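Structural overview for review
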Amino acid sequence: IHVVGPNAGESAERGVAGPGRLAEVAEVRAAIEALLARDAGQRERKPLTGRRVVVTSGPTHEPIDPVRYIANRSSGKQGHAIAAALARLGAQVTLVPGPVVLADPPGVSTVHVETAQEMLDACLAALPADIAVCAAAVADWRVAQAAGQKLKKDGGGPPTLAMAENPDILRTLSQRQGDRPALVVGFAAETQNVVDYARAKLVKKGCDWILANDVSGGGVFGRDDNQVILVDATGAERWTVLDKQAVAERMAGRIAGHVSEGA
């Protein structure tokens, strides 16, 4: 007997949360595929066998006080799908997700974190790696000094929050000396000038590829489909609208092809 899920999240009863949600269809499919591949006794060498990969996924939560935090709308669906797709191609994958309500993908080593600093520390601990895919939507800023107790309204107006810049995980991995992954892939969620901003980010961060998408209106967050543009030093390739599982499979195949060319 093999169990998929249950996932954690809000229940039908208002204000009640916890484990009990049915796993997403893509998660069930991925688990079935992994079991079939194992039970069929497949022994062929897969294209990413022997490769170490680090994938980040989801948001980060930056505490304001013990109750509140700064975050974003990322669900982690795309990053988790990419981690699972890379594992199916034989890679040894370390997934570093922020707070999400998704089950850990099968065949993947998962290190759960909350903050940007914790995510960076986990990524560095996973080095050396051949490939890094930074799919997480990391908060750019954090409160410089989170309150130890819940901030209360006292009639004196809202509190003043001093902000500090979070570590840049993509740039840190891209500019490592000595143990930089051979391929570093970043993500760019933009609301305008998507390709131009992605190209600028490619140069600024020093990564090899950027997978960009248009998130104006918030339509991509939490959905099962996505439309991305793969940007590298040679140009920009716009993909058709695909479900996030298909995006992950295509990206994993592209990574495997790139690795085999450089071998």
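As the structure is a prediction and not an experimental result, all values here were calculated from the model.

Summed over all chains, the structure comprises zero aromatic pairs. Its guanidinium or amino end placed over the ring of Trp239, Arg250 lies 4.3 Å from that ring's centre, counting from NZ or CZ.

This paragraph deals with the environment of Arg223. As for its placement among the helices and strands, Arg223 is situated in the loop between strand E12 (209-214) and strand E13 (225-226). Arg223 gets classed as partly exposed once you look at its relative accessible area, which sits at 42%. Considering only alpha carbons, one finds Arg223 and Ser75, 148 residues apart in sequence, at a separation of 8.4 Å.

The subject of this paragraph is the sheet that holds E12. Overall, mixed pairing links the eight strands, which are arranged E7-E6-E3-E8-E11-E12-E14-E15 in an open sheet. Bordering the open sheet on either side are strand E7 (109-110) and strand E15 (235-238), each of which pairs with just one other strand. Sheet topology note: the strand E14 (residues 229-232)/E15 ladder contains four bridges and is antiparallel. Note on E15: the bridge partner recorded for Asp232 is Gly235. Against the sheet, helix H5 (residues 194-205) contacts strand E11 (183-190), E12, E14 and E15, and its axis sits at roughly 150° relative to E12.

Looking now at the pairing of E12. Within E12, five of the six residues are buried, which leaves the element mostly enclosed by the surrounding structure. Across six bridges, E11 lies against E12 in parallel orientation. By the bridge assignment, Val185 is partnered in E12 with Trp209. You can see the chain leave E11, run along H5 and come back into E12, and the turn it takes is right-handed. Relative to E14, E12 runs antiparallel, the two being bridged by three bridges. Looking at the pairing, Leu211 lines up with Leu230 of E14.

What counts, and where the lines are drawn
Residue positions are given per chain, counted from 1 along the sequence in the order it is written. Only residues with pLDDT of 70 or above have their local features reported here, since the model is predicted, and side-chain atom pairs are shown and tallied only from 80 upward, although totals for entire chains, interfaces and linings are computed over all residues. Based on all heavy atoms of the structure, the side-chain values leave hydrogens and waters out of the count. Put simply, two rings from Phe, Tyr or Trp (the six-membered ring, in Trp's case) pair if the centres are within 6.5 Å, and we call them stacked under 30 degrees between planes, edge-to-face over 60, tilted for the rest. We call a charge positioned over a ring when the NZ of a Lys or the CZ of an Arg lies within 6 Å of the ring centre and within 35 degrees of the ring normal. Each helix is a run of H or I in the DSSP string that is no shorter than four residues. Each strand is a run of E no shorter than two, and both are numbered from the N terminus. In this scheme, a residue with accessible area under 20% of its type's maximum is buried, one over 50% is exposed, and one in between is partly exposed, where area comes from a 1.4 Å probe on protein chains only. Paired strands, as defined in this entry, are two strands with at least two bridges between them according to DSSP. Contact definition: two residues touch when any of their heavy atoms are within 4.5 Å. All axes are obtained by fitting lines to C-alpha atoms, using only the stretch in contact for helices, and the reported angles, taken between N-to-C directions, cover 0 to 180 degrees. The handedness of a crossover follows from its direction of travel: if, with the strands pointing away from the viewer, the path from the first strand over the helix to the second runs clockwise, the crossover is right-handed.

Functional significance is not addressed by these values, which are geometric in nature.
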